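Close look at the chain arrangement
The primary structure of each chain is shown beneath.
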Amino acid sequence: MNLKVYCINLKEEILKKERITKLLKEEGLSDITLMFDGIHYSEIDEDFLKSNDLKIFDEWTIEDCGIHHYFCWKAFFESGARYGLFFEDDCYWEETGTIKKTVEEFMSFNKDYKADLFYLSRIIPEIDNDQGVISTEDAKEEIVKRDADYNYVIPTYSYNLNAYVLSREGVAKILDQKPNHSIMTPDEIIPAMYFKDMNKRHPKIAKRFNPTLKALALGGPTLDGRFVGVCVQRG
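These remarks concern the structure in this document. These numbers were taken from a predicted model, which means no experiment stands behind them. (Residues numbered from 1 in each chain as written. Predicted model: local features only at pLDDT ≥ 70, side-chain atom pairs only at ≥ 80, totals over all residues. Heavy atoms only, no water.)

Counting residues in hydrophobic clusters, the biggest one holds 42 residues, and the most contacted among them are W73 and L166. The greatest single-element share of this core, amounting to six residues, is contributed by helix α3 (residues 64–79). Each residue touching W73, except ones within four places of it in the same chain, is listed here: F86, Y164, L166, V171, I174, L175, P179, P186, I189 and I190. Y92, Y150, L216 and F227 belong to the second largest nonpolar core, which has 32 residues in total. (Core = buried A, V, L, I, M, F, W, Y, C linked by side-chain atoms within 4.5 Å. Buried < 20%, exposed > 50% of the residue type's maximum accessible area, 1.4 Å probe, protein only. Helix = DSSP H or I, 4+ residues; strand = E, 2+ residues; numbered from the N terminus. Contact = heavy atoms within 4.5 Å.)

If you want it as structure tokens, here you go:
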């Protein structure tokens, strides 16, 4: 498959690296995976920001996660690959083959649909509380394709960007808006680029980014009580 995999890992997170490396090997994806060495926020100073053409958004504190995802987006764009699959190192799934099967099915479907972004896992804040997700149907997301295992839906505002796919066209749209000049958590950058009602949640962020991405997500299942998709976040 014309796919590159990017996994963000901080050097001190040795156990997480070992776990995600094992999972990716079992999926048959290790040969196309780049393990990205994350930068701890304590290492990010004005010289680092300036030398990498980075600017922190508004009054946001230094956000190493946003920088990591930006560097991976750039690497994917420069690779020439058709699709990029992105993970954070705390991503976890139980059943071997789940990720590869889900991504392959999406890429096949996307030959005609032309989505820029595909969530493999996410949290939907409006239906999430201390007790977890009540029902994904409460999100009232438009169903694009019905499936026996899960539906493809047009995602509402979603959080927890730890497992997702970008098309080459999608990453070009992201980089075109220069997120490196407004570094913040990618959990806000990406929804701002597809969610047309972002102004109701974060007016300043909505003014900064335009909703140019065509997004798609899994409508289920719900895992660990709150993650909608095929994988979760584990410490």
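Here α3 crosses helix α5 (residues 168–176) at 130°, and the two axes come no closer than 10 Å. Between α3 and α5, the crossing angle belongs to the class labelled oblique. At the point where α3 passes α5, the crossing takes the left-handed sense. Taken together, the residues of α5 that come into contact with α3 (itself represented by Y70, W73, K74, F76 and F77) are R168, V171, A172, I174 and L175. Taken together, the residues of the contact of α3 with α5 sort by class into eight nonpolar, no polar and two charged. (Axes fitted to C-alpha atoms, helices over the stretch in contact; angles between N-to-C directions. Parallel < 35°, antiparallel > 145°, perpendicular 65-115°, else oblique. Left-handed = near helix turned anticlockwise from the far one by under 90°. Nonpolar A, V, L, I, M, F, W, Y, C, P; charged D, E, K, R; others polar.)

This part takes up the sheet that holds strand β6 (residues 121–122). If you trace the three strands from one edge of the open sheet to the other, you get β6-β12-β11, paired in antiparallel fashion. Unpaired on one side and paired on the other, β6 and β11 (222–223) mark the two borders of the sheet. (Pairing = 2+ DSSP bridges.)

With mixed pairing, eight strands are arranged side by side in an open sheet as β2-β1-β3-β9-β5-β10-β8-β7. The two strands at the open ends of the sheet, each matched to only one other strand, are β2 (33–37) and β7 (143–145). Across two bridges, β7 lies against strand β8 (residues 152–153) in antiparallel orientation. Within the sheet, the bridge partner assigned to I143 lies in β8 and is V153. This element, helix α4 (residues 98–113), spans β1 (3–9), β3 (83–88), β5 (117–119), β7, β8, β9 (163–167) and β10 (215–218) of the sheet and lies at about 145° to β3.

Below, the discussion takes up the pattern of salt bridges. With the rule as written, the count across this model stands at nine salt bridges. Between E26 and K22 there is a salt bridge whose closest N-O contact spans 2.6 Å. Taken as a pair, E26 and K22 lie in helix α1 (residues 14–26) at a separation of four residues, close to a single helical turn. The class of E26 is partly exposed, set by a relative accessible area of 36%. Owing to a relative accessible area of 51%, K22 belongs among the exposed residues under this scheme. (Salt bridge = Lys/Arg side-chain N within 4 Å of Asp/Glu carboxyl O.)

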